[in-house]
Amino acid sequence: AGGGRGGGGFLDRAVACTPQEFSQEWDELHVGGEFACRTSNVPLMVEIMEHLAANDFFVIASGIVEEGTMKFFVLGQAQGIRCYIEMSFDTAESVLSVVLKSRSAGFVSAVVKQLRLGALFGDFEESPN
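Residues numbered from 1 in each chain as written. Predicted model: local features only at pLDDT ≥ 70, side-chain atom pairs only at ≥ 80, totals over all residues. Heavy atoms only, no water.

Draft legend 1. Main features of the overall build of the protein chain. Scanning the protein chain from terminus to terminus reveals four helices and six strands. Secondary structure elements of the protein chain occur, N-terminal to C-terminal, as α-β-α-β-β-β-β-α-α-β. The C-alpha radius of gyration of the protein chain comes to 14 Å, within 12% of the 14 Å expected for a compact globule of 129 residues. Overall, the protein chain is about 35 × 30 × 25 Å in size when its C-alpha atoms are taken along their principal axes. The 129 residues of the protein chain split such that 43% are buried. Considering only contacts in the protein chain between residues 6 or more positions apart, those separated by 24 or more positions represent 65%. A total accessible area of about 6700 Å² is found for the protein chain, and carbon and sulfur atoms account for 49% of it. (Helix = DSSP H or I, 4+ residues; strand = E, 2+ residues; numbered from the N terminus. Rg over C-alpha atoms; globule rule 2.2 N^0.38 Å. Buried < 20%, exposed > 50% of the residue type's maximum accessible area, 1.4 Å probe, protein only. Contact = heavy atoms within 4.5 Å. Areas by Shrake-Rupley, 256 points an atom, 1.4 Å probe, with all protein chains shown as cover.)

Dropping the structure here:
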């Protein structure tokens, strides 16, 4: 997995996690945070991948799941504490949905800040659903 180009954050730059490990942990953990919002920007998949890597996140798996919906399974880790992130972006509706899970509740809010989603997706407004 890529990542680690010095985003100036606190996250580890070397992380080992297989898609199977991610899935197993995801199934065991409770949701620590989630939100959905409309965005003013519609970045390309490669731009999202580069942004995550530049901020020391590791994309475990990604792809297009439905027509126009990008899905990312992302890991952020600091000193062995992990935050598992599922991001879905509906390009047709410009709606970003994010779910975060971690064994450390306090870690989730720090991870949300480190994602720097505003730099990528522009202004947010609450999603109608």
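Draft legend 2. Spotlight on the nonpolar core. Core analysis: the largest hydrophobic core is formed by 24 residues, its most contacted members being Ile85 and Met87. Those elements that place two or more of their residues in this core are helix H2 (45-54), strand E3 (69-78), strand E4 (81-90), strand E5 (95-102), helix H3 (105-115) and helix H4 (117-121). What Ile85 contacts, discounting residues up to four positions off in sequence, is Phe22, Trp26, Phe57, Phe72, Phe73, Val74, Val98, Val99, Leu100, Val111 and Leu115. Counting residues in each nonpolar core, the second largest holds 10 residues, with Phe22, Trp26, Phe58 and Tyr84 among its members. (Core = buried A, V, L, I, M, F, W, Y, C linked by side-chain atoms within 4.5 Å.)

Draft legend 3. Looking closely at the packing of aromatic side chains. For the structure on display, the rule yields five aromatic pairs. Judged by centre distance (5.9 Å) and plane angle (75°), the ring pair of Phe22 and Phe73 falls under edge-to-face. In this pair, Phe22 is assigned in helix H1 (residues 19-28) and Phe73 in strand E3, connecting sequence segments 51 residues apart. A relative accessible area of 4% means that Phe22 is categorised as buried. Taking relative accessible area as the criterion, Phe73 reaches 26% and is therefore assigned partly exposed. Judged by centre distance (5.2 Å) and plane angle (75°), the ring pair of Phe22 and Tyr84 falls under edge-to-face. With Phe22 in helix H1 and Tyr84 in strand E4, the pair connects residues that are 62 residues apart, well separated along the chain. Here the aromatic residues Phe22, Trp26, Phe73 and Tyr84 are joined through ring pairs into a cluster of three or more. (Phe/Tyr/Trp six-rings, centres within 6.5 Å; stacked < 30°, edge-to-face > 60°.)

Draft legend 4. Representation of the environment of Val108. For Val108, the position within the fold is in helix H3. Note on Val108: relative accessible area 5%, which makes it buried. Beyond its immediate sequence surroundings of up to four residues, Val108 is in contact with Gly32, Gly33, Cys83, Leu100 and Ser102.

What is shown is where atoms sit, not what they do.
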